[in-house]
Amino acid sequence: MKQQVKSKERVAYHGEVFTAEREINAMLDLVKQETERVDSRFLEPACGDGNFLSEILRRKLEAAKKRAIPPRKKRPLPLEYEKQAVIAIASIYGVDLMMDNVLACRERLFEIWDKEYQTICKKEVNEECREAVRFILNRNIVCGNALSLKEVDENGNDTEEPIVFSEWSFVMENKIQRKDYRFDKLLAGDYRPKAAKRKKKKSIEGGYQQMDLYSMWEAKPSDEGELLTSYVTDYRRVQEHGE
Ligand SMILES: C[S@@+](CC[C@H](N)C(=O)[O-])C[C@H]1O[C@@H](n2cnc3c(N)ncnc32)[C@H](O)[C@@H]1O
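Remember, predicted model here, so these are calculated numbers, not experimental data.

Cut-offs and rules
- Residues numbered from 1 in each chain as written.
- Predicted model: local features only at pLDDT ≥ 70, side-chain atom pairs only at ≥ 80, totals over all residues.
- Heavy atoms only, no water.
- Helix = DSSP H or I, 4+ residues; strand = E, 2+ residues; numbered from the N terminus.
- Buried < 20%, exposed > 50% of the residue type's maximum accessible area, 1.4 Å probe, protein only.
- Contact = heavy atoms within 4.5 Å.
- Areas by Shrake-Rupley, 256 points an atom, 1.4 Å probe, with all protein chains shown as cover.
- Near = heavy atom within 4 Å.
- Polar contact = N/O pair within 3.5 Å; in protein donor to acceptor, adjacent residues only side chain to side chain.
- Nonpolar A, V, L, I, M, F, W, Y, C, P; charged D, E, K, R; others polar.
- pLDDT = per-residue confidence, 0-100.
- Pairing = 2+ DSSP bridges.
- Axes fitted to C-alpha atoms, helices over the stretch in contact; angles between N-to-C directions.

Peer 1: What exactly am I supposed to notice about the overall build of the protein here?
Peer 2: Broken down by element type, the protein carries 10 helices and 8 strands. Here the protein, with 243 residues, has 45% of them falling under the buried criterion. Relative to all contacts within the protein whose residues are 6 or more apart in sequence, the contacts with residues 24 or more apart total 69%. In the structure as shown, the protein presents an accessible area of about 13300 Å², 50% of it carried by carbon and sulfur atoms.

Spelled out as structure tokens, the structure:
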């Protein structure tokens with residue numbers, strides 16, 4: 001079993017107590033349907049080294065495998081699985097104050113993603129695609145303060161830089177679109193369309209009360225100035241454009 005505490009100091013200064021696997025699964029089961037959807041977006045605002053996010057990724061990759069199996073076949077097509085697995089990892093977001101946890105979280109998610117590809121496709125994943133996934137993880141798992149919504153420095157102190165998240169969506173066969181938004185603007189604006197608001201209200205009993213980036217991104221921000229970066233590229237080459 002994984003240790004829940006690394007040191008007394010880290011508990012005292014950062015409230016770092018890791019959640020046990022049993023509780024993680026019980027909590028994720030409250031939103032089971034969403035965790036088993038390849039493209040549902042999840043954000044953990046104090047992600048630590050990724051206890052919740054890694055279990056979410058495992059569930060999404062299982063769903064990715066099912067989606068990549070053609071009708072009347074038993075095995076997933078490697079290329080289709082690769083794309084589905086990229087959608088899965090690109091929909092997972094995290095913030096943490098401590099850089100060591102952020103780095104550990106990125107690495108852990110990458111390892112799960114990479115190993116699962118090998119297990120399912122019985123071969124190593126293409127190197128360019130690996131680089132693309134590392135790039136996406138560097139953008140999605142951010143070293144920042146989830147209360148002030150600013151990036152932090154190596155001591156965990158707020159900088160002037162706002163946290164910025166990238167929205168990733170497949171727009172054509174092999175093309176992915178990246179759109180960057182400031183996190184504070186996403187939270188401040190009521191960007192949810194009417195349909196998403198209705199869905200949220202109806203499903204309160206179903207436990208759909210997580211911080212819900214998905215519905216925030218469903219609507220278009222009213223002010224075009226909110227969109228910071230936007231480009232479309234081959235999904236294996238996202239890392240060749242911008243930071
Ligand atoms: C209680 S641990 C939880 C880790 C993980 N979510 C889990 O359940 O195993 C708390 C984590 O929250 C981070 N943290 C505390 N305050 C934070 C803040 N304002 N913004 C971002 N992360 C924060 C700490 O650095 C630590 O890694």
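Peer 1: What's the story with the site of the ligand in this structure? I'm lost.
Peer 2: The environment of the ligand is formed by 21 residues, the closest being Gly-15, Thr-19, Ala-46, Asn-51 and Asp-96. Interatomic distance of 2.7 Å between a side-chain N/O atom of Asp-96 and an oxygen atom of the ligand. Coverage of the ligand by the protein amounts to 86% of the 600 Å² it exposes when considered alone. Broken down by secondary-structure element, the contributors of at least two residues to the shell around the ligand are α4 (51-67) and β3 (141-145). Taken together, the residues that form the shell around the ligand break down as 10 nonpolar, 8 polar and 3 charged.

Peer 1: Explain the confidence of the model for the protein here, please?
Peer 2: As a note on interpretation, predicted positions should not be read in detail where pLDDT is low. When pLDDT is averaged along the protein, the result is 85, and 85% of the positions lie at 70 or above. Under a pLDDT of 50 for its full length, residues 192-198 has, in the predicted model, 10 contacts with residues more than four places off or in other chains. In the predicted structure, residues 200-225 sits below a pLDDT of 50 and forms 52 contacts with residues beyond four places in sequence or in another chain.

Peer 1: Help me understand the sheet that holds strand β7 (residues 175-182), please; the structure alone is not making it clear to me.
Peer 2: Sheet strands pair by backbone hydrogen bonding; their relative direction is either parallel or antiparallel. Within the open sheet, the 3 strands sit side by side as β6-β7-β8. Their pairing is antiparallel. Two strands bound the open sheet, and with one partner strand each, they are β6 (164-172) and β8 (227-234). For this sheet, the mean inter-axis angle between neighbouring strands, taken without regard to orientation, is 20°. As judged from the 6 bridges shared by β7 and β8, these two strands associate in the antiparallel manner. Following the sheet pairing, Tyr-181 is matched in β8 by Leu-227. On the sheet, helix α7 (residues 127-140) packs against β6, β7 and β8 and is oriented at approximately 140° with respect to β6.

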